[in-house]
Amino acid sequence: MYWDPSNETMPREKILAMQDERLVDTVKRVYQNVPFYRHKMQEMGLRPSDIKGVRDLHKLPFTNKTDLRDNYPFGLFAAPTEQIARIHASSGTTGKPTVAGYTARDLDNWSEMMARALTCAGVTKSSIVQVSYGYGLFTGGLGAHMGAERVGATVIPMSGGNTKRQIMLMEDFGATTLCCTPTYAIVLGEAIRAAGIDLSRLKLRSGVFGAEPWTEGMRAHVQGLLNIHAHDVYGLSEVMGPGVSIECEELAGMHVWEDHFIPEIIDPDTLEQLPHGTRGEICFTTITKEGMPLIRYRTHDLTVLDDTPCPCGRTHIRMKKLTGRTDDMLIIRGVNVFPSQVETALTGIDGIDPQYLLIVDLVGSLDTLAIEVEMSPTLAFDSVRSIEALRKKVDSAVSSMLGISAEIKLMPFGSIPRGEGKTVRTKDLRQNIH
Ligand code: DLL
């Protein structure tokens, strides 16, 4: 079943022709309205008329997260503030978030794409959708919410946390679809099992899980725990939010809505375009966005594009499950974390040396974060109490910067290994578990 059959099953030649037209229009618009793009193109000796279609995409400049930071907060917006209807944001590499602005039409398109996505997961008017992604600046909650409303389903806007209450309402309200991070889905599933609740008392049939990487092993685990089909959903705030791509009933790759985005795979080192079927970094060019259109946005996410026909009948290209990132961004309990944010938080705290190590692990099904921080060699402590006061200070600076809690371990000076080349600031122990 499709939400928007004419677009979702459009012949590929038509999709490609539409992309040509929309790309030409987008390039003109950003050249006119966004000084950042105008200057970049001028530096490269490019005029909008040089871009005649997708075949010319490779001539255009890339956009990086740092470009968003340098133009913080609204410098990349292509529409005046009167037309910006909403703002979302996600963690940046420093204390300042990465900001995205949406016009009313962008929100409408996003709702449509999420409606397509939820329909892929079997959501209909008669579904009851529990949205347990966080609501707020994070795009997960409101994105899933708008899509479920667009389909005409009944929405339970739970947001994250309070697991007991989530389970009680899931049962009492008869939720049929759960939207949350895969980690939280497992937390809910394990709590249901621990509470001895018989799965037949629940009406859950599908899950729409994303915002962080998860493996086929995790899929099997969560499908068993909740007795559902678990669909992978992908997105990022800069480009839109959840619903940039989604798995259909085949659960074999996520369809990217190509009437709104042009995906391409590049070699993250040479920045050359790579052919379909080759693993590399996925970049997106938005071709309908008005608030903050992006040209060749570098996601740092590694995947493969597959344009072979999908048995579901949708013609939009598929991206395989993500296999990693090219940069040092970690995703911990669905929250994006950069080691540099920790560094920013530590700067200026007396008694601390900016030597630190983030250790991420999986305890049960929950990500944990411990941060080892070195004390200054000059520090003279007179009591255990003063060490504890320093630890608390670091704890509050770090948790308010990251938006998640971490276990802070103060370490003697010199105890964190110094690298010979690039300093390794993270140790991710989760990889081998699933
Ligand atoms: O995580 C948007 C989202 C919300 C997607 C809810 C899906 C569901 P950001 O916080 O900006 O946006 O983080 C974007 O998260 O570049 C990926 O590295 C990672 N990510 C998102 N979805 C997936 C997924 C939202 N399905 C960053 N698998 C992206 C693996 C994912 N990683």
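Residues numbered from 1 in each chain as written. Predicted model: local features only at pLDDT ≥ 70, side-chain atom pairs only at ≥ 80, totals over all residues. Heavy atoms only, no water.

Trainee: Where do I start with the pattern of salt bridges in this structure?
Mentor: Opposite charge on two side chains makes pairing possible when the charged atoms of those side chains draw close. The tally for this structure, following the rule as stated, stands at 26 salt bridges. Notably, a salt bridge pairs K321 with D232, separated by 2.8 Å at the nearest N-O pair. Separated by 89 residues along the polypeptide, K321 in the loop between β15 (318–319) and β16 (324–325) and D232 in strand β7 (residues 229–236) bring together distant segments of the chain. Close ionic contact of R296 with E264 constitutes a salt bridge, the shortest N to O distance being 2.7 Å. (Salt bridge = Lys/Arg side-chain N within 4 Å of Asp/Glu carboxyl O. Helix = DSSP H or I, 4+ residues; strand = E, 2+ residues; numbered from the N terminus.)

Trainee: How should I be thinking about the domain arrangement of the protein in this particular structure?
Mentor: Note on interface size: it is often stated as the accessible area lost on association of the parts. In terms of domains, the protein is made up of domain 1 (7–15 + 63–327) and domain 2 (335–432). Taking only C-alpha atoms, the centre of domain 1 and the centre of domain 2 are 31 Å apart. Roughly 850 Å² of surface becomes buried between domain 1 and domain 2 when both sides are summed, with 52% attributable to carbon and sulfur atoms. Among the residues domain 1 hides against domain 2, the three largest losses belong to S91, T93 and T183. Together they make up 43% of the total. (Domains from an automatic or database assignment. Buried area = accessible area lost by both parts, 1.4 Å probe.)

Trainee: Would you explain the site of the ligand in this entry?
Mentor: With respect to spatial proximity, 22 residues lie near the ligand, and among them D232, V233, S237, D301 and R325 are the closest. A distance of 3.0 Å separates an oxygen atom of the ligand from a polar side-chain atom of R325. Protein contact buries 98% of the 610 Å² of open area that the ligand shows by itself. With 5 residues, the single largest contributor to the shell around the ligand is β7. (Near = heavy atom within 4 Å. Polar contact = N/O pair within 3.5 Å; in protein donor to acceptor, adjacent residues only side chain to side chain. Areas by Shrake-Rupley, 256 points an atom, 1.4 Å probe, with all protein chains shown as cover.)

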